[in-house]
Amino acid sequence: MAKFNIFRARPAGTSPVATAPAPSGRTYEGGDGYARDTKSELFLLAVSNMGGENTFYESGGQRDTRFANLVHQAALADPEWTARLLKWLRSEANMRTASLVGAAEFVYARLVASSDAGVTNRAVIDSVLQRADEPGELLAYWTGANGRSVPKPIKRGIADAVQRLYDERAVLKWDSDARGFRMADVLNLVHPSPAADWQGALFQYVLDRRRDAEVALPEQLQMVVARRELMAWPVEQRRALFTRPDAADVLRRAGMTWEAVAGWLQGPLTREVWEALAPSMGYMALLRNLRNFDEAGMSDEVAAAVAAQLADPGQVARSRQFPFRFLSAYEAAPSLRWGHALDQALQASLGNLPALPGRSLILVDTSASMTQGAFSAKSKVTPAKAAAVFGVALGAKGEQVDVVGFADGTFRHDVPRGASVIRGVDRFLKRIGEVGHGTDIIGSLQRTYRGHDRVFIISDMQTISGHYSQRVSDAVPAHVPIYGFNLNGYKQAAYATGKANRHEFGGLTDATFRMVPLLEAGQNADWPF
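Residues numbered from 1 in each chain as written. Predicted model: local features only at pLDDT ≥ 70, side-chain atom pairs only at ≥ 80, totals over all residues. Heavy atoms only, no water.

**Q** Report on the overall build of the protein chain, specifying residues and quantitative values.
**A** Within the protein chain one finds 25 helices and nine strands. The C-alpha atoms of the protein chain give 26 Å as radius of gyration, which agrees with the globular expectation for 529 residues (24 Å, within 12%). With the C-alpha coordinates aligned to their principal axes, the bounding extent of the protein chain is approximately 85 × 60 × 50 Å. A burial count over the protein chain gives 53% of its 529 residues as buried. (Helix = DSSP H or I, 4+ residues; strand = E, 2+ residues; numbered from the N terminus. Rg over C-alpha atoms; globule rule 2.2 N^0.38 Å. Buried < 20%, exposed > 50% of the residue type's maximum accessible area, 1.4 Å probe, protein only.)

Structure representation (structure tokens):
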């Protein structure tokens, strides 16, 4: 009789976001609150913190102070881990402001503590700067927080980034007197070494044009020369360019973005203009201008080419758009001709969402704290919209999935296999308010859990206390995994995590869903960086 080679349940894996085993505080709605360790709290806040933006329960200032304090602690306790987090935040999680602020606070904490253990401050600064306007952005943050004196590690890290990022197109796109730190200010402060002769000529041009906008141009700067020639055209002759077959090439050689063209024409962008611009527009520019294309009367032929570009999985991946951006574009576009492409793009942006064998329960929070207040002042996207995107898309990938909206009560939302995810999200959002406005996680689990193989809770996790005798973890059998996906990163967790079958991750992209297949296979999941 076999002693060892017999079936046993696969050992459950553990995940890195960990809390204390017992509650020590309260959520904002009065439920049991579990304190996270420093790394876990920092991680969940970092992947949702837009910088200076209010949320339902915290002001922007409170969040920024909490974020800075957590970065200080982590930078001194484990600088290598913190450096990896900050680089990943910018590159894969696509959290621009959090990574820049985090890098500055990382350096500040280590300078105050006179610590240089592990990674260099210079390398951390360089790692988070990935767009040509970001050196000036980081300098503006540092001097605003700490005064005009800029320490050498920050100067050197920025100089390394400038060498990578400053080219003719970047100067034409990002350098303007609307910015507190112009590119000339950055060059004067950090003194980067040019990577090649052309870059040396570019640096000199950037410095000289602060004093004289009509400074002589070296022949090496062909794009800058072409831009100056284009800007010299009489205004009344400029629209004639768009009757020419080479219009797109002329604009490309001059580094003209659609915003630059709008200023150059000094009037509305007509169908002919948009059709000439579209082939050379970047992915995000296309995504945000679908309404303008429709209102200008863009032809179906050109629109089909734009739609193909939007739906291309490679371009979706390179664009690093938040998944909810595709929902926003769908909501803004007047015509239906973009719908299929945006649905394909949305699903491509969620490639890390796991296929779910067996039976799955997905709870999507529709409470007031999820529906009131967007992620940023410039956005209309609420946490509830992001939650609906993840929840419906997960539902579409599973074998047998119950997608449930919850607040004080619950509602079942059908997600047919093969149906449009973006339309499913649209239908889901129209049902917000059906079941109240509280956040009752325990009651929702009690009403909906029926022997499922796993549970996802997509929420800000600020559950009510209610009248329940059990806790969130106890509402589901111990052998069934609960995956919490946290969209706001508040201080208190709703249940204990970091042990077998009790997990929490978060963010505004699908990046941290990579942990799920590892955990389903019984492996321990590490940080995603």
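**Q** I'd like to hear about the sheet that holds strand S9 (residues 502-506), residue by residue, with values.
**A** One open sheet accounts for six strands, arranged S5-S4-S3-S6-S7-S9; its pairing is mixed. Each of the sheet's edge strands pairs with one partner strand only, and the pair in question is strand S5 (410-413) and S9. Adjacent strand axes in the sheet meet at a mean angle of 20 degrees when their direction is disregarded. Sheet topology places strand S3 (residues 356-365) next to strand S4 (residues 398-406); eight bridges connect them, and they run parallel. Paired with Ile-362 across the bridge in S4 is Val-403. (Pairing = 2+ DSSP bridges. Axes fitted to C-alpha atoms, helices over the stretch in contact; angles between N-to-C directions.)

**Q** Provide a residue-level description of the packing of helix H6 (residues 134-146) against helix H7 (residues 152-165), including the pertinent values.
**A** To characterise two packed helices, one gives the angle between the axes of the helices and the distance between these axes. One way to put it is that H6 packs onto H7 with a least axis distance of 10 Å and a crossing angle of 160 degrees. Comparing the axis directions of H6 and H7 gives the class roughly antiparallel. Handedness of the H6/H7 crossing: left-handed. In this structure, H6 contributes Pro-135, Leu-138, Leu-139 and Trp-142 to the contact, and H7 contributes Ile-154, Ile-158, Val-162 and Leu-165. Here the contact of H6 with H7 is composed, by residue class, of eight nonpolar, no polar and no charged. (Parallel < 35°, antiparallel > 145°, perpendicular 65-115°, else oblique. Left-handed = near helix turned anticlockwise from the far one by under 90°. Contact = heavy atoms within 4.5 Å. Nonpolar A, V, L, I, M, F, W, Y, C, P; charged D, E, K, R; others polar.)

**Q** Lay out the nonpolar core with the relevant residues and their values.
**A** Generally speaking, a soluble globular protein has its nonpolar side chains buried in company with each other. Leu-89, Ile-158, Phe-242 and Trp-338 are the most contacted members of the largest nonpolar core, which totals 149 residues. Counting residues per element, this core draws most heavily on helix H22 (residues 383-397), which supplies ten residues. Not counting residues up to four positions away in its chain, the partners in contact with Leu-89 are Ala-46, Val-47, Asn-94, Met-95, Ala-98 and Ser-99. Counting 18 residues, the second-largest nonpolar core is a separate cluster that includes Ile-442, Val-472, Val-476 and Ala-494. (Core = buried A, V, L, I, M, F, W, Y, C linked by side-chain atoms within 4.5 Å.)

**Q** Report on the pattern of salt bridges, specifying residues and quantitative values.
**A** The full count for this structure, using the stated rule, is 34 salt bridges. Measuring nitrogen to oxygen at the nearest pair gives 3.9 Å for the salt bridge that ties Arg-412 to Asp-414. With relative accessibility at 46%, the residue Arg-412 sits in the partly exposed group. Across the pair Asp-440 and Arg-447 runs a salt bridge, and its minimum N-O distance is 4.0 Å. (Salt bridge = Lys/Arg side-chain N within 4 Å of Asp/Glu carboxyl O.)

**Q** Residue-level account of the packing of aromatic side chains, with values.
**A** According to the stated counting rule, one finds 29 aromatic pairs in the structure shown. Residues Phe-411 and Phe-428 carry aromatic rings whose centres are separated by 5.3 Å and whose planes lie at 45 degrees to one another, so their mutual orientation is tilted. Here Phe-428 lies in helix H23 (residues 421-429) and Phe-411 lies in strand S5, a separation of 17 residues in the sequence. Like Phe-428, Phe-411 is buried. Ring centres 5.7 Å apart and planes at 75 degrees place the aromatic pair Phe-485 and Phe-505 in the edge-to-face group. (Phe/Tyr/Trp six-rings, centres within 6.5 Å; stacked < 30°, edge-to-face > 60°.)

**Q** Any chance you could break down the side chain of Arg-36 for me, citing the residues and the numbers?
**A** Within the secondary structure, Arg-36 is located in the loop between strand S2 (32-35) and helix H1 (38-46). At 2.6 Å, the side chain of Arg-36 forms a polar contact with the backbone oxygen of Tyr-490. Of the polar contacts made by the side chain of Arg-36, one reaches the backbone oxygen of Lys-491; its length is 3.0 Å. For Arg-36, the contacting residues outside a window of four places in its chain are Val-17, Ala-18, Thr-19, Glu-41, Leu-44, Asn-486, Tyr-490, Lys-491, Gln-492, Ala-493 and Glu-504. (Polar contact = N/O pair within 3.5 Å; in protein donor to acceptor, adjacent residues only side chain to side chain.)

**Q** I'd love a proper account of the pairing of strand S7 (residues 482-486), names of residues and values included.
**A** Burial within S7 is extensive, with five of its five residues counted as buried. Alternating positions in S7 separate into two faces, Ile-482, Gly-484 and Asn-486 on one and Tyr-483 and Phe-485 on the other, with burial throughout. Note that strand S6 (residues 454-459) and S7 share five bridges and pair parallel. Bridge pairing in S7 places Phe-456 opposite Tyr-483. Pairing of S7 with S9 involves five bridges; the strand directions are parallel. Within the sheet, the bridge partner assigned to Tyr-483 lies in S9 and is His-503.

**Q** Describe empty space enclosed by the protein, with residues and values.
**A** By rolling a water-sized probe across the atoms, one finds the places where empty space is left. Taken as a whole and judged by the stated rule, the model has one cavity of 30 Å³ or more. Empty space within the largest cavity amounts to approximately 30 Å³. Forming the boundary of the largest cavity are Val-47, Trp-88, Ala-93, Met-95, Gly-506, Gly-507, Leu-508, Thr-509, Ala-511 and Thr-512. Here the residues of the lining of the largest cavity sort into six nonpolar, four polar and no charged. (1 Å grid on protein atoms, 1.4 Å probe; cavity = no way out; pocket = protein on both sides within 12 Å on 5 of 7 lines; lining within 4 Å. Points joined across faces, edges and corners; volume = space filled by probe spheres on them.)

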